[in-house]
Amino acid sequence: MIFLSHPAEQQIQTQIIKHWADPFSYAEVGATRGPFPAGYAVLRGQIELGHGAGVFSRAQQAVHDWKMFAVPGVHLCWPDAPIAPGTVVAIAIQHFGFWSLNFCRIVYVINEDGPVSRFGFAYGTLKEHFESGEEKFAVEWDKQSDVISYDISSFSTPGKLLTWRAAGGASAAAPLPASVARGNEARDRDCHVIPAGVLVLSY
């Protein structure tokens, strides 16, 4: 969905309700568990966040609070959305001269405690999204090495051409990128970044 300016909160909420029951826009639902399906662009990345239970706790909270979307030009609707299968969120993205509103649903949640503890989730695109595919965000604590890492992986088809029709009847078509970079460098010690994802820890 295309807007000239950032859509109002009530407008976004109305659209989330409208698209809540929409089907996924791809067939391989859950495939971020592996193996990845053929025919998609695949992203995998990992970064070390630190060591110890305290870092893992903060990393869990950051994922729970959707902090990987806390960058300019990207607005997750809403950051208090529950991390649970079936939850639908909208992602408002600022482009040159317009905003797009893209809908995703959480596919599964990761919450494992053991020699390697993991927390995270994967979400998949619905029909109102400029991509088609699935993305997984997870933090992991390997207790033997005491290393905490942040992992992101996704598969998606290239961006497609979306058409916006203005209220006056004029139309404009804009090719949207295959992916949105949510950060490409660490800005300070509280910000840990890997390609296409940002995780902000609170100290």
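In the block above lies the structure referred to throughout.
Residues numbered from 1 in each chain as written. Predicted model: local features only at pLDDT ≥ 70, side-chain atom pairs only at ≥ 80, totals over all residues. Heavy atoms only, no water.

Novice: What is the right way to read the overall build of the chain from this model?
Specialist: On a plain count of helices and strands, the chain comes out with two helices and twelve strands. The order of α-helices and β-strands along the chain, N terminus first, is β-α-β-α-β-β-β-β-β-β-β-β-β-β. When burial is assessed residue by residue, the chain has 48% of its 203 residues classed as buried. For the chain, the exposed surface amounts to about 10,000 Å²; the carbon and sulfur share of it is 54%. (Helix = DSSP H or I, 4+ residues; strand = E, 2+ residues; numbered from the N terminus. Buried < 20%, exposed > 50% of the residue type's maximum accessible area, 1.4 Å probe, protein only. Areas by Shrake-Rupley, 256 points an atom, 1.4 Å probe, with all protein chains shown as cover.)

Novice: Mind showing me how you'd approach the pattern of salt bridges here?
Specialist: Pairs may arise between side chains of opposite charge once their charged atoms sit close together. Counted according to the given criterion, the structure contains three salt bridges. For R118, the salt bridge is made with E112, and the minimal N-O distance between the two is 3.0 Å. Assessed through its relative accessible area of 31%, R118 is described here as partly exposed. Among the residues examined, E112 registers a relative accessible area of 39% and is labelled partly exposed. Between R118 and E140 there is a salt bridge whose closest N-O contact spans 3.0 Å. One end of the pair, R118, is in strand β6 (residues 116-125); the other, E140, is in strand β7 (residues 132-142), with 22 residues separating them in the sequence. One connected set of salt bridges, linked through shared partners, spans E112, R118 and E140. (Salt bridge = Lys/Arg side-chain N within 4 Å of Asp/Glu carboxyl O.)

Novice: When you look at the environment of R105 in this model, what are you seeing that I'm missing?
Specialist: Structurally, R105 can be placed in strand β5 (residues 99-112). With a relative accessible area of 10%, R105 lands in the buried category. Note: C-alpha distance between R105 and P85 (20 residues apart in sequence) is 7.6 Å. A distance of 2.7 Å separates a polar side-chain atom of R105 from the backbone oxygen of D22. (Polar contact = N/O pair within 3.5 Å; in protein donor to acceptor, adjacent residues only side chain to side chain.)

Novice: Got a minute to help me understand the nonpolar core in this structure?
Specialist: Grouped burial of nonpolar side chains is what soluble globular proteins tend to show. The biggest cluster of nonpolar side chains holds 28 residues, and the ones touching the most others in it are W66, F69, I91, F121, Y123, F137 and V139. Going through the elements one at a time, α2 (53-64), β3 (74-77), β4 (88-94), β5, β6, β7 and β8 (147-157) are the ones with two or more residues in this core. The biggest single contributor to this core is α2, with four residues. Not counting residues within four places of it along the chain, the set of residues in contact with I91 comprises F69, V74, H75, L76, S100, L101, N102, C104 and Y123. Counting twelve residues, the second largest nonpolar core, distinct from the first, contains F3, A92, F103 and L126. (Core = buried A, V, L, I, M, F, W, Y, C linked by side-chain atoms within 4.5 Å. Contact = heavy atoms within 4.5 Å.)

Novice: Mind showing me how you'd approach the side chain of N102 here?
Specialist: Structurally, N102 is set in strand β5. A polar contact is formed between the side chain of N102 and the side chain of S100, at a distance of 3.1 Å. Excluding anything up to four places from it in sequence, N102 contacts V89, A90, I91, I93, E128, H129 and F130.

Novice: Even after reading the chapter, I still don't get the pairing of β5, so can you show me in this structure?
Specialist: As a general feature of sheets, a regular strand has side chains that alternate between the two faces. With respect to burial, β5 is a largely interior element, eleven of its 14 residues being buried. Pairing of strand β1 (residues 2-3) with β5 involves two bridges; the strand directions are antiparallel. When the bridges of β5 are listed, I2 appears paired with S100. Pairing between β4 and β5: seven bridges, direction antiparallel. What sits directly across from I93, in β5, is S100. Where β5 and β6 come together, eight bridges link them in antiparallel fashion. Bridged to I106 within β6 is Y123. Between the end of β5 and the start of β6, which pair antiparallel, lie three residues. (Pairing = 2+ DSSP bridges.)

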